[in-house]
Amino acid sequence: MITIDKFNFSGKKAFVRVDFNVPLDAQFNITDDTRIRAALPTLKKILADGGSPIIASHLGRPKGVEDKFSLKHILKHVSDLLGVDVQFANDCVGPEAAAKAAALQPGEALMLENLRFHAEEEGKPRGLAEDASDEVKAAAKKDMKEKQRAFAKELASFADVYVNDAFGTAHRAHGSTAIIADDFDADHKMFGYLLQKEVDAVEKIMKEPARPFTAIIGGAKVSSKIDIIENLLDKVDNLIIGGGMAFTFIKAAGGQIGNSLCEDDKLDLANEIVAKAKKNGVNLVIASDAKIGDAFSNDANVKVCDADKIPAGWMGLDIAEKGEAEFSEVIKISKTILWNGPVGVFEFAKFAQGSEVVTAAIVASTANGAFSLVGGGDSVACVNKFDAADKVSYVSTGGGALLEFIEGKVLPGVKAIRGY
Ligand code: AMP
């Protein structure tokens, strides 16, 4: 597999799939440009070599052409960050895009309109009646597969080389994230710097972790983290379970959890996880105390109690002093740390301390030589909130893609380039 740092883009047009799916306010101002900045090294490398990037992304979840999801809203900001006047094609395929791509000179850049204005990008038929028969649905699906192949081929025809730098969509087999790669030989397709870094970071912890390896899995629901937990139980030395989902485990073990978040249909599963952890020699850590509130609110009255003795009418919204010490102790002696999901309702100042203490323990461990990877929406918000993003080893930009990668799944966007 070729790597971007070894490739000379001089005189080459590169189709670069990025994830510029940034949040916009009502006036179309970008409220967080992290994703754009994350792809700059790749785009700048291509420009500096004397190549021409053709920048392609999705934005939002349009159902067709919708102005509010147009990438023209972010064009100026991308131009400012890149330091070149990025040209724009009002459709990602068709004669205008083809002509603009063909006319592109070395050192110039072109951005294509939102890929998802075309259903072919995602490869799902749109506008199908819900009550359509199975035959109609199957025919529409088959037809869409063919259209998706043609769509990807048209995108590929604009460029000499394909670069995927969109980790955020690497878990999707979309036209521009995976299917398009079939139109380039092995010497003309590669990861961008961001995708390479993301893949390296996850594989470093999942394939050859320095030990002890500790995963901290928090957040609201067990159900959304089951596959990750299952996969981690074969790999980690310590598994810390925090956040709302800890209460399903506590109830399953016979504890009183008051009004805490609980998935009653997952009680057996929680016990199975505990049994598997025991069998695998994994140290499963659940906080022994809880900071409880009488409402899901920052105005709630607050008390501290044992995590398995929460009175009726109260709910566990954070860990308390004992839990902080239990979690910190394990984190501080770890050499590899994965954190996904806050250990309390960190959005409320009253219940943010546990996640702050976890952040501080990860920072201390990292300073001590551990490799720490933080990823998945809310834990990234946590490290940002506690000003620690540059004090951990790696903060992933991927949400769903990161979770699927940690679950042990093959990501189509990664496989399309390196074959696995
Ligand atoms: P997730 O997206 O599953 O990682 O969940 C993140 C959300 O879990 C955050 O919005 C937290 O506020 C929430 N959360 C963390 N701890 C608790 C808790 N004890 N009770 C309810 N929600 C929680």
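Because the structure is a prediction, the values reported are computed rather than measured.

Colleague: Kindly report on the packing of helix α1 (residues 34-48) against helix α2 (residues 72-82), identifying the contributing residues and their values.
Modeller: Two elements in contact, α1 and α2, have axes separated by 10 Å at closest approach and are oriented at 60 degrees. Taken together, α1 and α2 sit at an angle that is classed as oblique. Judged by the twist between their axes, the crossing of α1 over α2 is right-handed. Contacts between α1 and α2 involve I36, R37, L40, L43, K44 and L47 on the former and, on the latter, I74, H77, V78, L81 and L82.

Colleague: Tell me about the domain arrangement of the chain, and name the residues and values.
Modeller: Domain annotation for the chain reports domain 1 (4-195) and domain 2 (203-406). The straight-line distance from the C-alpha centre of domain 1 to that of domain 2 is 36 Å. Between domain 1 and domain 2, the residue contacts involve eight residues of the former and nine residues of the latter. Summing the contributions of domain 1 and of domain 2, the shared interface buries around 620 Å²; its carbon and sulfur component is 66%. Three residues stand out in domain 1 for area buried against domain 2, namely F167, H171 and L194, and they jointly supply 75% of the buried area on that side.

Colleague: I'd love a proper account of the site of the ligand, names of residues and values included.
Modeller: For the ligand, the set of nearby residues contains 15 residues, the closest of which are A220, K225, G316, E347 and D378. Relative to its unbound accessible area of 510 Å², the ligand is 81% covered by the protein chains. A breakdown of the residues in the shell around the ligand according to their chemical character gives seven nonpolar, five polar and three charged.

Colleague: Report on the side chain of H58, specifying residues and quantitative values.
Modeller: Structurally, the position occupied by H58 is in the loop between β2 (52-56) and α2. On the basis of relative accessibility, which here comes to 3%, the residue H58 falls in the buried class. Of the polar contacts made by the side chain of H58, one reaches the side chain of R17; its length is 3.3 Å. Side chain to side chain, H58 and N21 meet in a polar contact 3.5 Å long. Setting aside residues no more than four positions away along its own chain, H58 makes contact with R17, D19, F20, N21, N114, L115, R116 and T169.

Colleague: Got a sec to walk through the packing of aromatic side chains? Specific residues and values, please.
Modeller: The tally for this structure, following the rule as stated, stands at five aromatic pairs. Seen from their ring centres, Y162 and F184 are 5.9 Å apart, and the 20 degrees between their planes marks the pair as stacked. You can see Y162 sitting in strand β5 (residues 161-164) and its partner F184 sitting in the loop between β5 and β6 (189-191), a full 22 residues away along the chain. Assessed through its relative accessible area of 0%, Y162 is described here as buried. Their ring planes at 70 degrees and their centres at 5.3 Å tell us that F296 and F348 sit as a pair that is edge-to-face. Taken together, the positions of F296 in the loop between β11 (289-293) and β12 (302-306) and F348 in the loop between β15 (336-340) and α11 (353-367) put the pair 52 residues apart, joining distant regions of the chain. Overall, F296 belongs to the exposed group, its relative accessible area being 53%. Here the aromatic residues F15, Y162 and F184 are joined through ring pairs into a cluster of three or more.

Colleague: Mind laying out the pairing of β15, listing which residues take part and the relevant values?
Modeller: Judged by how many residues are buried, β15 sits mostly within the fold: five of five residues are covered. Side chains T336, L338 and N340 project from β15 onto one buried face, and the interleaved I337 and W339 project onto a second face that is buried too. Of the pairings in the sheet, the one linking strand β7 (residues 213-217) to β15 comprises five bridges and is parallel in character. Each bridged residue has a counterpart across the sheet, and for I216 the counterpart in β15 is W339. One ladder, built from four bridges, connects β15 with strand β16 (residues 371-374); its direction is parallel. Each residue of the ladder has a partner; that of I337, found in β16, is S372. For the handedness criterion, the β-α-β arrangement of β15, α11 and β16 is classed as right-handed.

Colleague: Got a sec to walk through a positive patch on the surface? Specific residues and values, please.
Modeller: Together, R61, K63, K124 and R172 make up a region of like positive charge exposed at the surface. Secondary-structure assignment places R61 in the loop between β2 and α2.

Colleague: Let's hear about the sheet that holds β6: which residues, and what values?
Modeller: The parallel open sheet is built from six strands, whose spatial order is β3-β4-β2-β1-β5-β6. Looking at which strands have only one partner, the edges of the open sheet turn out to be β3 (87-89) and β6. When strand polarity is set aside, the average angle formed by the axes of neighbouring strands in this sheet is 25 degrees. One ladder, built from two bridges, connects β2 with strand β4 (residues 110-112); its direction is parallel. Across the sheet, I54 pairs through a bridge with L110, a residue of β4.

Colleague: Residue-level account of the sheet that holds β11, with values.
Modeller: In space, the three strands of this open sheet follow the order β12-β11-β14, with antiparallel pairing throughout. Both edges of this open sheet fall to β12 and β14 (315-318), since each of them pairs with a single strand only. Sheet twist, expressed as the mean angle between neighbouring strand axes with direction ignored, is 50 degrees. Relative to β14, β11 runs antiparallel, the two sharing three bridges. Paired with K291 across the two strands is D318, which belongs to β14.

Colleague: Give me the lowdown on α11, citing residues and values where you can.
Modeller: Between its terminal C-alpha atoms α11 stretches 21 Å, which fits the 21 Å expected from 15 residues at 1.5 Å a residue. Every buried residue belonging to α11 is among G354, S355, V358, T359, A361, I362, V363, S365 and T366, and all of these are buried. Looking one or two residues beyond α11, the residue adopting positive phi is G369, at roughly 110 degrees.

About the thresholds
- Residues numbered from 1 in each chain as written.
- Predicted model: local features only at pLDDT ≥ 70, side-chain atom pairs only at ≥ 80, totals over all residues.
- Heavy atoms only, no water.
- Axes fitted to C-alpha atoms, helices over the stretch in contact; angles between N-to-C directions.
- Helix = DSSP H or I, 4+ residues; strand = E, 2+ residues; numbered from the N terminus.
- Parallel < 35°, antiparallel > 145°, perpendicular 65-115°, else oblique.
- Left-handed = near helix turned anticlockwise from the far one by under 90°.
- Contact = heavy atoms within 4.5 Å.
- Domains from an automatic or database assignment.
- Buried area = accessible area lost by both parts, 1.4 Å probe.
- Near = heavy atom within 4 Å.
- Areas by Shrake-Rupley, 256 points an atom, 1.4 Å probe, with all protein chains shown as cover.
- Nonpolar A, V, L, I, M, F, W, Y, C, P; charged D, E, K, R; others polar.
- Buried < 20%, exposed > 50% of the residue type's maximum accessible area, 1.4 Å probe, protein only.
- Polar contact = N/O pair within 3.5 Å; in protein donor to acceptor, adjacent residues only side chain to side chain.
- Phe/Tyr/Trp six-rings, centres within 6.5 Å; stacked < 30°, edge-to-face > 60°.
- Pairing = 2+ DSSP bridges.
- Right-handed = clockwise from strand over helix to strand, strands pointing away.
- Patch = residues over 30% accessible without salt bridge, like charges linked within 9 Å, V, L, I, M, F, W, Y side chains within 5 Å.
- Salt bridge = Lys/Arg side-chain N within 4 Å of Asp/Glu carboxyl O.
- Lys, Arg positive; Asp, Glu negative; His and termini not counted.
- Charge placed at Lys NZ, Arg CZ, Asp CG, Glu CD.
- Expected span 1.5 Å × (residues − 1).

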